[in-house]
Amino acid sequence: MQDVSEPRATLQAGSLRRDSLQQQIFDNLRDAIMSGVFRPGQVLSSRGLAEDLKVSAMPVREALTRLTTEGALENTSSRTLRLRVLRPQDLDEICAIRIEIEGMAAERATAEMTAKDIFEIRKLNEELTAAADSGDADWYLKANATFHAAIYKVCGWPLLLGMIERLWLMVGPSIRASVPDRAHMATSQGFHDQIMAALDARDGATVRRAIVDDITTAAKDIRAFLNVETDKSPKKEAKHP
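Nothing here was measured: the structure is a model prediction, and the numbers come from that model.

Rules of the game
- Residues numbered from 1 in each chain as written.
- Predicted model: local features only at pLDDT ≥ 70, side-chain atom pairs only at ≥ 80, totals over all residues.
- Heavy atoms only, no water.
- Core = buried A, V, L, I, M, F, W, Y, C linked by side-chain atoms within 4.5 Å.
- Buried < 20%, exposed > 50% of the residue type's maximum accessible area, 1.4 Å probe, protein only.
- Helix = DSSP H or I, 4+ residues; strand = E, 2+ residues; numbered from the N terminus.
- Phe/Tyr/Trp six-rings, centres within 6.5 Å; stacked < 30°, edge-to-face > 60°.
- Lys NZ or Arg CZ within 6 Å of the ring centre and 35° of its normal.
- Lys, Arg positive; Asp, Glu negative; His and termini not counted.
- Salt bridge = Lys/Arg side-chain N within 4 Å of Asp/Glu carboxyl O.
- Contact = heavy atoms within 4.5 Å.
- 1 Å grid on protein atoms, 1.4 Å probe; cavity = no way out; pocket = protein on both sides within 12 Å on 5 of 7 lines; lining within 4 Å.
- Points joined across faces, edges and corners; volume = space filled by probe spheres on them.
- Nonpolar A, V, L, I, M, F, W, Y, C, P; charged D, E, K, R; others polar.
- Axes fitted to C-alpha atoms, helices over the stretch in contact; angles between N-to-C directions.
- Parallel < 35°, antiparallel > 145°, perpendicular 65-115°, else oblique.
- Left-handed = near helix turned anticlockwise from the far one by under 90°.

Asks: I tried to follow the nonpolar core on my own but got confused; where do I start?
Replies: One broad rule of soluble globular proteins: the nonpolar side chains tend to lie buried together. Counting residues in hydrophobic clusters, the biggest one holds 67 residues, and the most contacted among them are Phe-38, Leu-64, Leu-73, Ile-151 and Leu-199. The greatest single-element share of this core, amounting to 9 residues, is contributed by helix 7 (residues 158–178).

What follows is the structure, encoded as structure tokens:
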């Protein structure tokens, strides 16, 4: 597995404040994982990340421990931490839950939307459109995560938001590894435009349906990728009695 050693602008080292450093590092890494900066199975080195972020290794290790608890990272036999590698059945479970709770959050958020919320989400959707048109997958995935999070946040239920974030932590790397190409981005952006139109109309049921369609359509591509990766994995020899 490739270690994380090269500087990454997406980690925003220069913006860190010292008064809440550990939380900022955690938030920074969490957002990077959710938006697909890292790949499934990629090893994360606390020393390498500390160098990237220009901080000491201790708060990075603490952040990685929290991310492991959240299910985003897993321990390896060599005592390193790597991004979680999903099995097809893991994805099926995650997507089934996402459909229910993200649909719930979106429908509830629609009823709570203010004119200011709609204006800000529309700007995010415009950025998504520009990212899709550019074909820049990294930009698109970051904008996509921000767009969805902005909608769900309006629902006002922090426990629900925490559950959604945890699922995105688990699936984010697989989305980046398997999905983003121009065709997928164009399809996904069609759902986002439906969401935006339904938000303008305050039509919560349609917002929910578009969210569900977005999740299930992406899941087909991700699952196809995971099936291929599973087939590539070395098979364990059967044990004979």
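And the narrative resumes.
Asks: Sorry if this is basic, but what is going on with the packing of aromatic side chains here?
Replies: Aromatic ring pairs are defined here through the distance separating the ring centres and the angle between the ring planes. With the rule as written, the count across this model stands at 0 aromatic pairs. Across the ring face of Phe-26, the terminal group of Arg-66 is positioned such that the distance to the ring centre comes to 3.7 Å.

Asks: I tried to follow unusual backbone geometry on my own but got confused; where do I start?
Replies: Backbone geometry follows two general trends: most residues other than glycine have a negative phi, and most peptide bonds adopt the trans configuration. With phi around 70°, Arg-79 is a residue other than glycine that occupies positive phi space. Secondary-structure assignment places Arg-79 in the loop between strand 2 (73–75) and strand 3 (81–83). In the Ramachandran plot, Arg-202 falls in the positive-phi region, its phi being about 55° despite a non-glycine side chain. As for its position among the elements, Arg-202 is in the loop between helix 8 (182–200) and helix 9 (204–232). According to the relative accessible area criterion, Arg-202 is partly exposed, its value standing at 41%.

Asks: Can you help me understand the side chain of Asp-214 in this one?
Replies: You can see Asp-214 is positioned in helix 9. As a buried residue without a salt bridge, Asp-214 has its nearest oppositely charged side chain in Arg-98, at a separation of 6.5 Å. For Asp-214, the residues in contact, after removing those within four places along its chain, are His-148, Ser-188, Phe-191 and His-192.

Asks: Can you help me understand empty space enclosed by the protein in this one?
Replies: Rolled over the atoms, a probe as big as a water molecule pinpoints where empty space is left. The tally for this structure, following the rule as stated, stands at 2 cavities of 30 Å³ or more. Along the walls of the largest cavity sit 14 residues, with Asn-144, Ile-175, Ser-188, Asp-214 and Ala-218 positioned nearest its centre. Contributions of two or more residues to the lining of the largest cavity are made by helix 6 (137–153), helix 7, helix 8 and helix 9. Along the lines of polarity and charge, the residues of the lining of the largest cavity split into 8 nonpolar, 4 polar and 2 charged. Empty space within the second largest cavity amounts to approximately 40 Å³. Lining the second largest cavity are Met-34, Ser-35, Gly-36, Leu-141, Asn-144, Ala-145, Trp-168, Gly-172 and Ile-175. Within the residue set of the lining of the second largest cavity, elements represented by two or more residues are helix 6 and helix 7. Each residue belonging to the lining of the second largest cavity can be placed in one class, and the counts come to 5 nonpolar, 4 polar and no charged.

Asks: Looking at this structure, I do not really get the packing of helix 5 (residues 115–134) against helix 6. What am I missing?
Replies: Look at helix 5 against helix 6: their axes get within 9 Å of each other, and the N-to-C directions meet at 160°. As far as their axial angle goes, helix 6 and helix 5 are roughly antiparallel. Crossing of helix 5 against helix 6: the hand is left-handed. Along the contact surface, helix 5 presents Ile-121, Leu-124, Asn-125, Glu-127, Leu-128, Ala-130, Ala-131, Ala-132 and Ser-134, while helix 6 presents Trp-139, Tyr-140, Ala-143, Asn-144, Thr-146, Phe-147, Ala-150 and Ile-151. When the residues that make up the contact of helix 5 with helix 6 are grouped by side-chain class, the tally is 12 nonpolar, 4 polar and 1 charged.

Asks: Any chance you could explain the environment of Asn-227 here in plain terms?
Replies: For Asn-227, the position within the fold is in helix 9. Owing to a relative accessible area of 31%, Asn-227 belongs among the partly exposed residues under this scheme. Along the sequence, Asn-227 and Arg-87 sit 140 residues apart, while their C-alpha atoms lie 8.0 Å from each other.

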